Amino acid sequence: PWPQGSAALSSQQALIIGMLLLVAAAGKSALLPFSGWLPRAMEGPTPSSAIFYGALSVHLGAFLLLRVSPVIELSAWLSGAVVALGLASAVFGAITARVQTDVKSGLAFASLTQVGIITAEIGLGFRYVALVHIIGHACLRTLQLLRAPSLLQDYHTLENAVGGRLHRPKWIGPRWLPAHLGRTIYRFALERGSLDAVLDAFIVRPFVGVFEWCNRQEQRWSAFLAGESAPPQTVTLDAEDGP
């Protein structure tokens, strides 16, 4: 039962199981380094983005961590990992949201910022604060995403009301930040941290390589059982070889 329940695990067992649950939650809530799917999900229709991704799906990983919070509390290392991942995801989302060229991607990374903060709250043991944060943030993002298609019209209406252009800052970071460091951060945010390329190089390709090796072994075993010396191969004939 939540929240009074307690886990009958040792600290080491809680650390191992909790890290696996943390990876699962990171994938479901688009935490680092699995943040690439969230803005791509916003390419669909706005109502589905608002209901499924902006309000529900992006919070499911955080809700998983909230439900297993008795396990997290058993290990200080696990709690620290949850807090560190949440804060890193919040900072990444806050930086990246400021350079997006469309409103739905900006809202997607803004949602990532809040989900990261919720994750850090869970790691710190603030269960009810995280629960209220999830509910409030889900309602707010649903409204914002549903209003996203009419954002430009609302912006023009606001400018007409004030009788002029609204102030648009030219610098996304603090003024004391060196210019070259600011450009580096801007490029990092514009490329969204190149997380998709990193995942492709270090996770996707190794898995694909393992599966291809298993496929080759299966073909060799099938050929051995069939009495063949080697699996059938595709032969390409040149044009001068004739039909």
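Quick summary incoming for the structure in this document.

Parameters and conventions
Residues numbered from 1 in each chain as written. Predicted model: local features only at pLDDT ≥ 70, side-chain atom pairs only at ≥ 80, totals over all residues. Heavy atoms only, no water. Salt bridge = Lys/Arg side-chain N within 4 Å of Asp/Glu carboxyl O. Buried < 20%, exposed > 50% of the residue type's maximum accessible area, 1.4 Å probe, protein only. Axes fitted to C-alpha atoms, helices over the stretch in contact; angles between N-to-C directions. Helix = DSSP H or I, 4+ residues; strand = E, 2+ residues; numbered from the N terminus. Parallel < 35°, antiparallel > 145°, perpendicular 65-115°, else oblique. Contact = heavy atoms within 4.5 Å. Nonpolar A, V, L, I, M, F, W, Y, C, P; charged D, E, K, R; others polar. Patch = residues over 30% accessible without salt bridge, like charges linked within 9 Å, V, L, I, M, F, W, Y side chains within 5 Å. Areas by Shrake-Rupley, 256 points an atom, 1.4 Å probe, with all protein chains shown as cover. Expected span 1.5 Å × (residues − 1). Phe/Tyr/Trp six-rings, centres within 6.5 Å; stacked < 30°, edge-to-face > 60°. Arc of directions from axis to C-beta.

In this section: the pattern of salt bridges. Going through the model one piece at a time under the given rule, you end up with 5 salt bridges. For the salt bridge of Asp-154 with Arg-147, the shortest nitrogen-to-oxygen distance reads 2.8 Å. Of the residues examined, Asp-154 reaches a relative accessible area of 31% and is grouped as partly exposed. The exposure class of Arg-147 is partly exposed, given its relative accessible area of 42%. Of the charged contacts, one joins Glu-191 and Arg-187 as a salt bridge, the two residues approaching to 3.1 Å between their closest N and O atoms. Overall, Arg-187 belongs to the exposed group, its relative accessible area being 56%.

Turning to the packing of helix H6 (residues 103–123) against helix H7 (residues 127–147), a few remarks are in order. Closest axis-to-axis distance for the H6/H7 pair is 9 Å, and the angle between their directions is 175°. The angle between H6 and H7 places the two elements in the roughly antiparallel class. Residues Leu-107, Ala-110, Ser-111, Gln-114, Val-115, Ile-117, Ile-118, Glu-121 and Ile-122 of H6 form the contact with H7, whose participating residues are Val-129, Ala-130, His-133, Ile-134, His-137, Arg-141, Gln-144 and Leu-145. Its residues assigned to classes, the contact of H6 with H7 shows 10 nonpolar, 5 polar and 2 charged.

Moving on to a nonpolar patch on the surface. On the surface, Val-198, Phe-202, Ile-203, Val-204, Phe-207, Val-208, Val-210 and Phe-211 cluster together into a nonpolar patch covering about 760 Å² of accessible area. Its location among the elements puts Val-210 in helix H10 (residues 195–225). Val-210 gets classed as partly exposed once you look at its relative accessible area, which sits at 45%.

Another point: the environment of Leu-131. Mapped onto the fold, Leu-131 is located in helix H7. Among the residues examined, Leu-131 registers a relative accessible area of 26% and is labelled partly exposed. As a C-alpha pair, Leu-131 and Val-115 span 16 residues in sequence and 11 Å in three-dimensional space. Residues within four places of Leu-131 in sequence aside, it is in contact with Trp-2 and Leu-66.

Between its first and last C-alpha atoms helix H8 (residues 151–162) spans 17 Å; for 12 residues at 1.5 Å apiece the expected length is 16 Å, and the two agree. One or two residues past the end of H8 sits Gly-163, with phi positive at roughly 80°.

Turning our attention to the packing of aromatic side chains. What characterises a pair of aromatic rings is the spacing of the ring centres plus the angle enclosed by the ring planes. The final tally for this structure, using the stated rule, is 4 aromatic pairs. Note on Phe-92 and Phe-109: the rings are 6.1 Å apart at their centroids and 75° apart in plane angle, and the pair reads as edge-to-face. Taken as a pair, Phe-92 in helix H5 (residues 76–97) and Phe-109 in helix H6 lie far apart in primary sequence, 17 residues in all. The exposure classification of Phe-92 matches that of Phe-109, with both residues buried. Judged by centre distance (6.0 Å) and plane angle (50°), the rings of Phe-207 and Phe-211 are tilted. Taken as a pair, Phe-207 and Phe-211 lie in helix H10 at a separation of 4 residues, close to a single helical turn. Considered together, Phe-207 and Phe-211 belong to a single accessibility category, that of exposed residues. Here a set of aromatic residues connected by ring pairs shows up, and it is made of Phe-92, Phe-109 and Phe-188.

A separate point is unusual backbone geometry. With an omega of 0°, the peptide bond running from Leu-32 to Pro-33 counts as cis. You will see that Arg-192, though not glycine, has its phi angle at about 55°, which is positive. Located in the positive-phi region is Ser-194, a residue other than glycine, with phi close to 50°. Judged by its relative accessible area of 31%, Ser-194 falls in the partly exposed class.

Close contact between helix H3 (residues 46–67) and H7 brings their axes to 8 Å; oriented N to C, the two are set at 170°. Between H3 and H7, the crossing angle belongs to the class labelled roughly antiparallel. Taken together, the residues of H7 that come into contact with H3 (itself represented by Thr-46, Pro-47, Ser-49, Ala-50, Gly-54, Ala-55, His-59, Ala-62, Phe-63 and Leu-66) are Arg-127, Ala-130, Leu-131, Ile-134, His-137, Ala-138, Arg-141, Thr-142, Leu-145 and Leu-146. Grouping the amino acids of the contact of H3 with H7 by side-chain chemistry returns 12 nonpolar, 6 polar and 2 charged.

With that out of the way, let us pick up H7. The periodicity of an α-helix, 3.6 residues per turn, causes residues three or four places apart in sequence to face the same way. Relative to the 30 Å expected for 21 residues at 1.5 Å per residue, H7 spans 31 Å between its end C-alpha atoms, a close match to the ideal helical length. Residues of H7 that are buried include every one of Arg-127, Ala-130, His-133, Ile-134, His-137, Ala-138, Arg-141 and Leu-145, and no others. Down the axis of H7, the buried set is contained in an arc of 135°. They therefore lie on one face. In H7, those exposed residues whose orientation departs by more than 90 degrees from the buried face are Tyr-128, Val-132, Ile-135, Cys-139 and Leu-143. Against H3, helix H4 (69–72) and H6 lie the buried residues of H7.

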